[in-house]
Amino acid sequence: AQTVTQSQPEMSVQEAETVTLSCTYDTSENNYYLFWYKQPPSRQMILVIRQEAYKQQNATENRFSVNFQKAAKSFSLKISDSQLGDTAMYFCAFMSHYGQNFVFGPGTRLSVLP
Amino acid sequence: SAVISQKPSRDICQRGTSLTIQCQVDSQVTMMFWYRQQPGQSLTLIATANQGSEATYESGFVIDKFPISRPNLTFSTLTVSNMSPEDSSIYLCSVEGAAGGKVGTEAFFGQGTRLTVV
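Everything quoted here is computed from the prediction, not taken from an experiment.

Conventions adopted
- Per chain, residues are indexed from 1 in the order of the written sequence.
- Throughout, the order in which chains and ligands are written sets their labels, letters from A for the former and numbers from 1 for the latter.
- Totals for whole chains, interfaces and linings use every residue, but because this is a predicted model, local features are given only for residues with pLDDT of at least 70 and side-chain atom pairs only at 80 or more, for both listing and counting.
- Only hydrogens and water are set aside when side-chain values are computed; all heavy atoms of the structure are taken into account.
- Helix and strand assignments follow DSSP, with helices taken as H or I runs no shorter than four residues and strands as E runs no shorter than two, numbered in order from the N terminus.
- The buried label goes to any residue with under 20% of its type's maximum accessible area, the exposed label to any with over 50%, and the partly exposed label to all in between, with areas taken from a 1.4 Å probe on protein chains only.
- Here a residue-residue contact requires only that any non-hydrogen atoms of the pair lie within 4.5 Å.
- Residue burial considers only the protein chains on display, and all accessible areas are found by Shrake-Rupley using a 1.4 Å probe.
- Positive charges come from Lys and Arg, negative ones from Asp and Glu, while His and the chain ends are left out of the count.
- For the purpose of locating charges, the reference atoms are NZ of Lys, CZ of Arg, CG of Asp and CD of Glu.
- The buried area of a pairing is the accessible area, by a 1.4 Å probe, that goes missing from both parts when the two are put together, added over both.
- The pairing criterion is simple: DSSP has to find at least two bridges between the two strands.
- In this analysis, axes come from line fits to C-alpha atoms, helices being fitted only over the stretch in contact, and the angle between any two N-to-C directions falls in the range 0 to 180 degrees.
- Nitrogen and oxygen atoms within 3.5 Å of one another constitute a polar contact, given that in protein one can donate a hydrogen and the other can accept it, and given that sequence-neighbouring residues count only through two side-chain atoms.
- Cysteine sulfur atoms are paired as a disulfide whenever they fall within 2.5 Å.
- Here is the rule: rings of Phe, Tyr and Trp (six-membered ring for Trp) pair when centre to centre is within 6.5 Å. Planes less than 30 degrees apart are stacked, more than 60 are edge-to-face, and the remainder are tilted.

1. Topic: the overall build of chain A
Secondary structure assignment for chain A yields 0 helices and 12 strands. When the elements of chain A are put in sequence order from the N terminus, they spell out β-β-β-β-β-β-β-β-β-β-β-β. The dimensions of chain A, computed from C-alpha atoms along their principal axes, are 40 × 25 × 20 Å. Residue burial in chain A is summarised as follows: out of 114 residues, 48% are buried. Within chain A, contacts between residues separated by at least 24 positions form 56% of all contacts whose residues are at least 6 apart in sequence. Accessible surface for chain A amounts to roughly 5500 Å². Of this, 45% is attributable to carbon and sulfur atoms. Separation of charge centres in chain A, based on 9 positive and 9 negative side chains, amounts to 5 Å.

2. Side note on the interface of chain A and chain B
The partner chain B presents 25 residues to the 20 residues of chain A that form the contact. Summed over both partners, the interface of chain A with chain B buries about 1800 Å², with 52% contributed by carbon and sulfur atoms. Looking at the side of chain A that touches chain B, the elements with two or more residues in it are strand S5 (32-39), strand S6 (46-52), strand S10 (88-96) and strand S11 (102-104) of chain A. With 4 residues, the single largest contributor to the side of chain A that touches chain B is S5 of chain A.

3. Focus: the environment of Asp 87 of chain B
With respect to the helices and strands, the residue Asp 87 of chain B is situated in the loop between strand S8 (75-80) and strand S9 (89-99). Once residues lying within four places of it in the same chain are set aside, the contact partners of Asp 87 of chain B are Lys 65, Phe 66, Val 80, Ser 81, Asn 82, Leu 115 and Val 117 of chain B.

4. A look at the sheet that holds strand S3 (residues 19-25) of chain B
Sheets are built from strands paired through backbone hydrogen bonds, the pairs being either parallel or antiparallel. Residue and element names in this part refer to chain B. Strand order across the open sheet formed by 4 strands is S1-S3-S8-S7, with antiparallel pairing between neighbours. In this open sheet, the two edge strands, each paired with only one partner strand, are strand S1 (4-7) and strand S7 (68-72). Across the sheet, the axes of successive neighbouring strands diverge by a mean angle of 15°, strand direction being ignored. Note: S3 against S8, 6 bridges, orientation antiparallel. Residue pairing for S8: Cys 23 is matched across the bridge by Ser 76.

5. Quick notes on the side chain of Thr 77 of chain B
Residues and elements named next belong to chain B. Within the secondary structure, Thr 77 is located in strand S8. A distance of 2.6 Å separates polar atoms of two side chains, one belonging to Thr 77 and the other to Ser 69. Excluding its chain neighbours within four sequence positions, the residues that come into contact with Thr 77 are Thr 20, Ile 21, Gln 22, Trp 34, Pro 67, Ile 68 and Ser 69.

6. Thoughts on the state of the cysteines
Residues and elements named next belong to chain A. Counted by the stated rule, this structure contains 2 disulfides over all chains. The disulfide that involves Cys 23 links it to Cys 92, with 2.0 Å between the sulfurs. The sign of the S-S torsion, about -70°, decides the handedness of the disulfide formed by Cys 23 and Cys 92: left-handed. Within this pair, whereas Cys 23 is found in the loop between strand S3 (19-21) and strand S4 (24-26), its partner Cys 92 is found in strand S10, the two being separated by 69 residues in sequence.

7. Focus on the packing of aromatic side chains
Scanning the model with the defined rule gives 17 aromatic pairs over all chains in all. With a centroid separation of 6.3 Å and 20° between ring planes, the pair formed by Trp 36 of chain A and Phe 75 of chain A is classed as stacked. Here Trp 36 of chain A is found in strand S5, whereas its partner Phe 75 of chain A is found in strand S9 (residues 74-79), with 39 residues between them in sequence. Their ring planes at 80° and their centres at 6.3 Å tell us that Phe 68 of chain A and Phe 75 of chain A sit as a pair that is edge-to-face. With respect to class, Phe 68 of chain A is no different from Phe 75 of chain A; both count as buried. Connected via pairs of aromatic rings, a cluster forms that spans Phe 35, Tyr 37, Phe 91, Phe 102 and Phe 104 of chain A together with Tyr 35 and Phe 109 of chain B.

Pasting the structure below:
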């Protein structure tokens with residue numbers, strides 16, 4: 001069974017600075033997908049960024065980028081130029097190529113400070 | 001992308017009663033998923049609901065406690081039965097998406113139902 005670990009329960013960052021959230025996972029599969037989801041106080045789960053395991057190039061979405069290290073089974077999220085609206089819970093998630101449901105990590109609560 | 005409407009957004013219920021949560025999607029989807037998010041914790045999959053067949057439950061969740069209906073490709077309900085305070089959680093429905101045209105490679109979520117059992 002796959003597992004996802006996020007070792008940082010809480011983090012804080014000053015507005016406009018850069019922060020990196022860590023995620024590691026365990027799987028025996030070669031093809032899979034990795035995700036970062038954001039959950040603000042509104043409870044709505046919002047997709048931040050998505051990575052396909054067979055792609056070596058790290059995914060980027062505006063201020064969000066990932067450092068995907070397949071051999072190390074590591075998938076960290078970097079948020080550049082942090083904004084107050086980035087304050088939320090961030091969940092790392094794994095999805096098998098062969099299944100449709102997600103395995104979520106425990107989450108990291110990020111606070112962006114003014 | 002898929003737009004998911006989930007109702008109710010929150011409710012306070014007496015122990016021993018049942019609550020049915022509805023999930024409506026603006027497009028037809030094969031699989032719908034129900035998650036539980038206990039206070040301060042991550043999401044745990046309860047079951048997968050396919051249209052025209054019984055839901056598939058994850059370990060620790062049973063049909064008698066969490067009956068699910070899936071009458072068509074755009075709608076599903078989750079009932080939390082004989083509630084106790086331990087059932088106080090956020091319940092979310094989710095559907096598969098198609099990132100880059102590949103079905104099942106993304107997920108969209110409803111806004112969740114915050115349930116408090118007193």
